[in-house]
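Summary of structural features
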Amino acid sequence: MLAVKPSFVIHIQPQAAPKPASGTPCNGCGVCCLSEPCPLGMLLSHRRVGSCAAVRWDAAANQYRCGAVVDVTAVLRQALPPGLRWLTPAMAPLLSRLARRWIAAGQGCDSELEVQSPASRQSDRQSSP
Ligand code: SF4
Ligand code: SF4
């Protein structure tokens, strides 16, 4: 039997750094958050698949960041139903603190995904028999 890993396409900023190996320091490549939301991202995105609605591109640093940490007010406004948006100022500091803990900010990359650029996919196709 042949085990085939599922593959899917994510759209990523060309300036983003390549994904590092799992366990090495996170470089903000964004692959994890653009592939699927983490448990917090599922709450904020209202979905379990696809890219997280909270992920933000930091053009100055050329890195993806968690919006629950760096853009918490906008992320909360986007996530809360219109009738509860008045809670945003009160909830923002709490979410920011919890997010840092939940996403284990500053730790190593915990994504096992393997990334292929369009160019490497093309050359793989051409070199296969
Ligand atoms: S945890 Fe890994 S995949 Fe996610 S942004 Fe950091 S380096 Fe990229
Ligand atoms: S770390 Fe932040 S941006 Fe990434 S999936 Fe989780 S909530 Fe979304």
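In the block above lies the structure referred to throughout.
Throughout what follows, the structure given in this document is the object of discussion.

Parameters and conventions
Residues numbered from 1 in each chain as written. Chains lettered and ligands numbered in written order. Predicted model: local features only at pLDDT ≥ 70, side-chain atom pairs only at ≥ 80, totals over all residues. Near = placed C-beta within 6 Å. Helix = DSSP H or I, 4+ residues; strand = E, 2+ residues; numbered from the N terminus. Buried ≥ 20, exposed ≤ 12 C-beta atoms within 10 Å, placed from the backbone. Pairing = 2+ DSSP bridges. Core = buried A, V, L, I, M, F, W, Y, C linked by C-beta atoms within 7 Å. Contact = placed C-beta atoms within 7 Å. Nonpolar A, V, L, I, M, F, W, Y, C, P; charged D, E, K, R; others polar.

We now examine the site of ligand 2. Close to ligand 2 lie 13 residues, the nearest being Cys33, Cys38, Gly41, Cys52 and Cys66. Among the secondary structure elements, those contributing two or more residues to the shell around ligand 2 are helix H2 (39–45) and helix H3 (67–70). The element that contributes the greatest number of residues to the shell around ligand 2 is H2, accounting for 3 residues.

What follows concerns the pairing of strand E2 (residues 63–66). Only one face of E2 is buried, namely the one carrying Tyr64 and Cys66, since none of Gln63 and Arg65 on the opposite face is buried. One ladder, built from 4 bridges, connects strand E1 (residues 55–58) with E2; its direction is antiparallel. The residue bridging Arg56 from the neighbouring strand is Arg65, located in E2. Between the end of E1 and the start of E2, which pair antiparallel, lie 4 residues, with Asn62 showing a positive phi angle near 55 degrees.

Quick look at the nonpolar core now. Core analysis: the largest hydrophobic core is formed by 20 residues, its most contacted members being Cys33, Ala54, Val55, Cys66, Ala68 and Val75. Counting residues per element, the ones that place at least two in this core are helix H1 (31–35), E2, helix H4 (72–79) and helix H5 (88–102). With residues near it in sequence (within four places) discarded, Ala68 still touches Leu40, Leu44, Ala54, Val75, Leu95, Ser96 and Ala99.

The next thing to look at is the site of ligand 1. Surrounding ligand 1, one finds 13 residues, the nearest of these being Cys26, Cys29, Cys32, Cys109 and Ser111. Its residues assigned to classes, the shell around ligand 1 shows 7 nonpolar, 4 polar and 2 charged.

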